[in-house]
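Below are the chains, spelled out letter by letter.
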Amino acid sequence: MNSQKKSRRDFVKKSVAIAAGISIIPRYVMGGNGFLAPSDQLTKAVIGVGGMGQSHLGYEGTKLLAVCDADGNHLANTLKKVGGDVKGYRDFRDVLARPDIDIVHIATPPHWHGIMSIMAAEAGKDVWCEKPMTRTIGEGKRVVEAMKVHGKMFRLNTWFRFKDNFYGLNTEVKKLKKVVDSGVLGWPLKVTISGVTGFNWKFYWVGKENLAPQTIPAHLDYNMWLGPAPEKPYNAHRVHSTFRGYWDYDGGGLGDMGQHYIDPVQYFLGKDETSPVKVEVDAPQQHYDAIGTWRKITFTYADGCQIILDGENKDKNAAYIEGPNGKIFNGFKSTIPNIEGLIDSLPDPMEQITSFSESVRTREKFALNEENGHRSGTIVNMGIIALRLGRTLEFDPVKQVFINDEEANRLLDQPSRNSWAY
Amino acid sequence: MKNTQKTLITFILIICAVSTTSAQINRTLETKVADILAQFPTENANHTNQLINDILELNSEGILLFCDMLVPAGTGNDTQVRFALNSLATYSGGTAQQITENTVEKTFLLALQKETDVEIQSFLIERLALCGSDVSATALSPYLAKPKLYNVALATITSIGTDNASEVIFEALKTSDNNIKPSLISALGKLRYMPAAAYIQDLTDANSIIIQQSALTALAEIAPVNAMGKLIEAAKNANYTLNNSKAILALINYGNRLKEEGKIELSKEVGKLLLKNCTAENQLHFRTAGIHLLRENNEANFIKTLLKEAKHSNTNYRGTVFNAAAHNITSAEVTKWAKAYKKMAPEAKPQLLKLLQNSKESIVFEKCIVAAIHDKNDLVSIAGIKSLAYQPKEKALPLLLKLLTYTKNEVKNNSIKETLLRVSSLEDGAILASNLEKSTIEGKKVLIEVLAAKRASDYFTEVVHLLNLKNETLTTAIFEALPSLSTTENLPEIVKLLTSEKNPTNIRNIQKAIVTTIDASEEDHSELIFNTYNSIQNNENLLAVLPALNNDEALKLVEISLNSTTKKQQLEALKALASWRTNNALPYLFTAVTSINDSELRKNAFNNYLVQVRNSSYPNDQKLLLFKKLMPLATSVDEQKNILNNIGNVKTFLALVFVSEYLNNPALKATASNAAIKIALPSPGKKDGLKGNLVREIVTNSVDNLTGPDSQYIKIDVTEFLNNMPQEEGFVSIFNGTDFSGWEGLVQNPIARNKMSKKALAKAQAKANAQMMKDWYIKDGVIGFKGEGYNNICTIKDYGDFEMLVDWKITNGGDSGIYLRGAPQVQIWDIALTKVGAQVGSGGLYNNQKNERIPLEVADNPVDEWNTFRIKMVGERVTVYLNGVLVTDNVILENYWDRALPIFTKEAIELQAHGEDLGFKNIYVREIKSGTDLLSDAEKAAGFKSLFNGRDLDHWIGNKTDYTVENNEIAVRPKQGGHGNLYTAEEYSDFNFRFEFKLTSGANNGLGIHVPLEGDAAYVGKELQILDNTASIYANLKPYQYHGSVYGIIAAKRGHLKPLGQWNQQEVIVQGDTIKIILNGEVIVDGNIKEASKNGTVDGLEHPGLKRKKGHIAFLGHGSELEFRNIRIKDLSK
């Protein structure tokens, strides 16, 4: 413990020295791949190394010290792959107890995201978390609070609000932000997310009804895998790569892709600090456990802006963004003449921090952090609750509760199993 | 089954009127329950609500019947029951709560009491989390002591969340096992149940560390004022660090909760303690919590502490101090911070600037931002520059422009540029341009880049003028800006610049500027470009702009350069071809691959050929041919992979066949597998997946070779795809590539052949086969012709309706064709044979006289190259696609051998010989079997007739909306909104009716006999049940409701349906009053309706239809999906 403490102190001293040295500018300021001397290097651990976690092993300018998984096979395969002195853990609490880890990457199924993020912040770690941010709105609020209370940095792992060329739209989000801010489309705006506009919903991420109990494989700590989720008999389809199809852990194509698609919309509509006031669903009846598909989900903001998820790509002429005075279609085709020229002529949007290492070092919030991430996660979770209940819901974006629907509010923050207190 | 609500209600009324016995009521309830269940899951909320109302009408007794149908996981299928019960819970727990008056809740609790299976108990308890009230909280109390159920019970009681619910948990806590205690304590914490506070406080001294921890955490959450001492003591015992007691976290949360409860002074006390005791490196994030607490409690003069804390050496911690300072910052505080700026450590200044950047106070601008910009520390200076983006433009812009007159630092200049881009717009172009002169070289560069970004083309001249400075960096920047700054009027000038420039990067940018400008212009600029091209010596740099002209003359210039002797010229020509805007450049790229020796140029041509094919406007069949053509020329595994990857985007059966040939190649199998699966599976949101046995086989062989990050997901898709693929044969190869299996020589024409005696035919056939072996040969998987005569070969098998794929090629003057059903022909010929009219192209029905014989367009590839036919023949009509282009559109093929006759219904496919060299390969046929095809010889002999031709509902009347034809089957799709039954057009009295049907889970339909076109078939005629009575929702059926039963009259034997998803064969023989039904070879009904009903019907209802002797046969829709096929009948009355 002591030696570790010392090494962190050394780092602080060094960075002061660098800053005082005037002419040496760290690479992160200059952009690029963030090369740093080994002694300065940030360290990380990855929790959940089954599917998405594999990508996290290689993310951006940090040194991997530990990996963790409730599945011994995942762990063994990963350790074989990363080699070196990376240590493997079955219980993430042992990872959080290590003082030499700066950043904890959370790539578990979503039912763990909130609890692990909070516990990481309490242990003094910064957090890089997979989308969707949290499985419930209540957990999202607590993550926001924990990051603030402990002064920790949080980065959600979806990037379309700051990275170029997102999905089918084949354009930079910056351009969309500029054109929306310019007011040329008028107000309020309607955004349609569908295959027509470039964002196909992954409807094959559905669950299976009537699962038969199976023997838990020896390499899997199923109790730990479930963690806060309700006890259900084990079946291989519940876990690894197909967990997305069950409400207890995720929200199907909507839960998993929703934040990818919706977060940049929230950004360019300027709704990072609020939530829709209404959600309407058009969907077949949903099973209590296995997630099904849906036809259309409509979110409406207080000012009339709408986000429409058209699961069936039914509106063949849908614009990606539509306002009273103009439309932007898939591939950035527009009804506004010379829109490219218009966009270029306008001022650029404000800076976003797009390197998490930079965020961690400067303590400036990452472009997609716990606050705006919680808001876009809330849109997804509003959709999920409306789907599960099969009815239109009204939402208070300030109190973050549903209006006149006790049952919807019970789904805002579901109790955890065992003493996973959050 | 009957499911008309009205009838049931009538039924109930009748029974009630006579004598009410519970058995009879149960019977009606059971029927009702089954009828409702059959409709789950629903497609929309309205239908759900309607069903829920139906269920609620059945009251507790009915709901219990639903609960009774739950089965332990893994022992059956109760999916529909669970859908129903969950809907009931969600419906009654929401806004509609009052209408149920807790019936649902009470019934669930009743069901729970009877239940013994843990999983079902959990299911019911979980549902109460939605619709439960205090009633449930109390009733669930015993479950809090059950090891396997306390978690779910606790979750539900916590969700109910009332004081009574908390009390139940509290009571349980007092007597619970130690291992359950932590969960109960946590729940009371979550519910903030004050009456439990003292009890929980005592538990903070428990022996178990886990109980201690949950007690401290819960106590903090409940936040009684008198817990302060306890929580402080615990934190102190933990040395204000994180240990297993988590006391430090509890204390922090306690502080936050006190704040929330308005106990400000106490809350502040916690904050101060944190500040006092958390000083070490590993405690700083707890110190942060203290800072936030005090800040948010508006601690008086806390700004002083913040100012002090902002001097802390730890950057992370300092960051949190500034974040806390930002909370509700006042103008007075801004001033204080601004004044403190100067004395801040350099590494703190950027963080402070971030805090102040949104403040419009002039002190911020003057004392901080201006100072920062001029700071010697670059990090500070950059932070200052960036914060200008948040200041008013009139303040920021002059400062930024001023900086450009003396800064040379690249990193700083980047920040200046970014900030300029944020504060300025096109309208600032003049100011930016006017600063060009006085700025440093580096500054000029920034200005040029900003002008370009804003597309300030008005300042083209000012920017280009700077070329005179002959500064290399600047020149590069100017050329980089050209594409954004040039307009048509600048075209001559930039073309001129191109002729004199030597630097390759600059040349690329000028070329780009020219192309962009020409593209944006509506005029034709060929003259300017060609004149320049011809007037200068080293004109290769102009090749790159020729694609923008996009005309034949430009392409000609490229072709000449391609044959040039200088490598540079050739390379430029290749690049031009690579970006050509039409398909016309493709042949040149292909020739380049075959003819260029230089390996770099060849590789360039190879790769660009693939890109051009991929981006071409050709249909998929043609793209595939163009890709395949390159395969023999690949010189490395990488090149082969590149081709296979490209073919992965071509969604055709032949593409799948092609890539499958590489599945056994160790170096290529992963690539081939990825491509195969991409081809076979449907594209997102589309139903364009391939099907058939060969597809299934190839996909199955590919799936284990998949690689890449998405392979996990793809494997799931593949399983789903294979499960859903219809069981049909699909395309079958009719040429094995090595011998003539399945083929024979042609004997005469079908009419003449039929007149021959068996013996004569055998003899003639032997002779023809010998001739075939002489004239035709097989080499490299191709059937070729080397003879001189006109001896066609034909398939031994005869084909009726089918789809055919075949690749063919001819040489100069070639002439051939494909005979369909023994008759000429889909034409193949060299379009150069204009004397015989071949300029119209191949693929027409050459021998037609009355119907169209000319192809719709010419789609032939040059002779000696492969072509693909996609031919479909259904009935007497033929459709032909040549290389993906529709050339014959559903045209009748006339009978050449006897024009008075329609085309034969079934005959061989023939490949025509015409004396010239030709070749066929990849011959696949998919038979479209339907109608009469499906009758066995015995059935034909016995006089059976097909009632369904596989194409349309010609022999049928009635509901043709929900009954549609899919995959040559009658598909019942009740969600399409149609109403009513599907009836045979004819009426029948005595008959033998045979059909096949495939059920979905719980599917319900019926076969009506002797029915009129109006009325409820089960009563006005007779209804023979068609029902998946294996479904658990039908567990309580009466025997007269089983599949096959004459509804309400004669019971059928149960247990002879095939498993779901398989086809059932059924035969119904009706003669007079006797009905015999044979299902999958088993007699399930053999009875006489008169006999069966002489003492009244089993269901006790009137069946006037029993007296009808004649009527339509009908499929009776009851809202379920299922399929029928191979429907045939023998009329026994004639």
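Placed above this text is the structure.
Below or above, wherever it landed, is the structure these notes cover. (Residues numbered from 1 in each chain as written. Chains lettered and ligands numbered in written order. Predicted model: local features only at pLDDT ≥ 70, side-chain atom pairs only at ≥ 80, totals over all residues. Heavy atoms only, no water.)

Our next topic: the overall build of chain A. In terms of regular secondary structure, chain A is built from 14 helices and 14 strands. Out of the 422 residues in chain A, the part that is buried amounts to 61%. Contacts in chain A between residues far apart in sequence, at least 24 positions, make up 65% of those at least 6 positions apart. Surface exposure of chain A reaches about 14,800 Å², of which carbon and sulfur atoms provide 51%. (Helix = DSSP H or I, 4+ residues; strand = E, 2+ residues; numbered from the N terminus. Buried < 20%, exposed > 50% of the residue type's maximum accessible area, 1.4 Å probe, protein only. Contact = heavy atoms within 4.5 Å. Areas by Shrake-Rupley, 256 points an atom, 1.4 Å probe, with all protein chains shown as cover.)

Quick look at the packing of aromatic side chains now. In total, this model carries 37 aromatic pairs over all chains according to the counting rule given. Ring centres 6.4 Å apart and planes at 15° place the aromatic pair Tyr222 of chain A and Trp225 of chain A in the stacked group. Of this pair, Tyr222 of chain A and Trp225 of chain A both sit in helix H9 (residues 222–226), 3 residues apart, roughly one helical turn. Accessibility assignment for this pair places Tyr222 of chain A and Trp225 of chain A in one class, buried. With 5.3 Å between their ring centres and 45° between their planes, Trp808 of chain B and Phe869 of chain B make a pair best called tilted. Taken together, the positions of Trp808 of chain B in strand S6 (residues 802–810) and Phe869 of chain B in strand S9 (residues 867–874) put the pair 61 residues apart, joining distant regions of the chain. Take Trp808 of chain B: its relative accessible area is 2%, and that puts it in the buried class. Above the ring of Tyr143 of chain B, the side-chain terminus of Lys146 of chain B is found at 5.2 Å from the ring centroid. (Phe/Tyr/Trp six-rings, centres within 6.5 Å; stacked < 30°, edge-to-face > 60°. Lys NZ or Arg CZ within 6 Å of the ring centre and 35° of its normal.)

The next point concerns a positive patch on the surface. All names here are of chain B. Side chains of Lys304, Lys311, Lys336, Lys339, Lys342, Lys343 and Lys367 sit close together on the surface and give a patch of like positive charge. Mapped onto the elements of the fold, Lys342 is located in the loop between helix H21 (331–340) and helix H22 (349–356). Taking the relative accessible area as the measure of exposure, Lys342 reaches 72% and is therefore exposed. (Patch = residues over 30% accessible without salt bridge, like charges linked within 9 Å, V, L, I, M, F, W, Y side chains within 5 Å. Salt bridge = Lys/Arg side-chain N within 4 Å of Asp/Glu carboxyl O. Lys, Arg positive; Asp, Glu negative; His and termini not counted. Charge placed at Lys NZ, Arg CZ, Asp CG, Glu CD.)

If you look at the interface, chain B gives 90 residues, while chain A gives 77 residues. Of the roughly 6,900 Å² buried where chain B meets chain A, counting both sides, 53% is carbon and sulfur surface. With a shortest N-O distance of 3.3 Å, Asp413 of chain A and Lys190 of chain B are connected by a salt bridge. Where chain B meets chain A, there are 27 residue pairs in polar contact (both at pLDDT 80 or more). Tallying contributions element by element places helix H5 (residues 79–93) of chain B first for the side of chain B that touches chain A, with 9 residues. Class assignment for the residues of the side of chain B that touches chain A results in 32 nonpolar, 37 polar and 21 charged. (Buried area = accessible area lost by both parts, 1.4 Å probe. Polar contact = N/O pair within 3.5 Å; in protein donor to acceptor, adjacent residues only side chain to side chain. Nonpolar A, V, L, I, M, F, W, Y, C, P; charged D, E, K, R; others polar.)

This paragraph deals with the pairing of strand S22 (residues 1064–1071) of chain B. All names here are of chain B. S22 sits mainly inside the fold: 6 of its 8 residues count as buried. Here 7 bridges tie strand S19 (residues 991–999) to S22, and the two strands are oriented antiparallel to one another. Residue pairing across strands places Phe993 opposite Val1068, the latter belonging to S22. In this structure, S22 lies alongside strand S23 (residues 1074–1079), joined through 6 bridges in antiparallel fashion. From the neighbouring strand, Gln1071 faces S23, where its bridge partner is Thr1074. Where S22 hands over to S23, the hairpin turn is made up of 2 residues, of which Gly1072 adopts a positive phi near 60°. (Pairing = 2+ DSSP bridges.)

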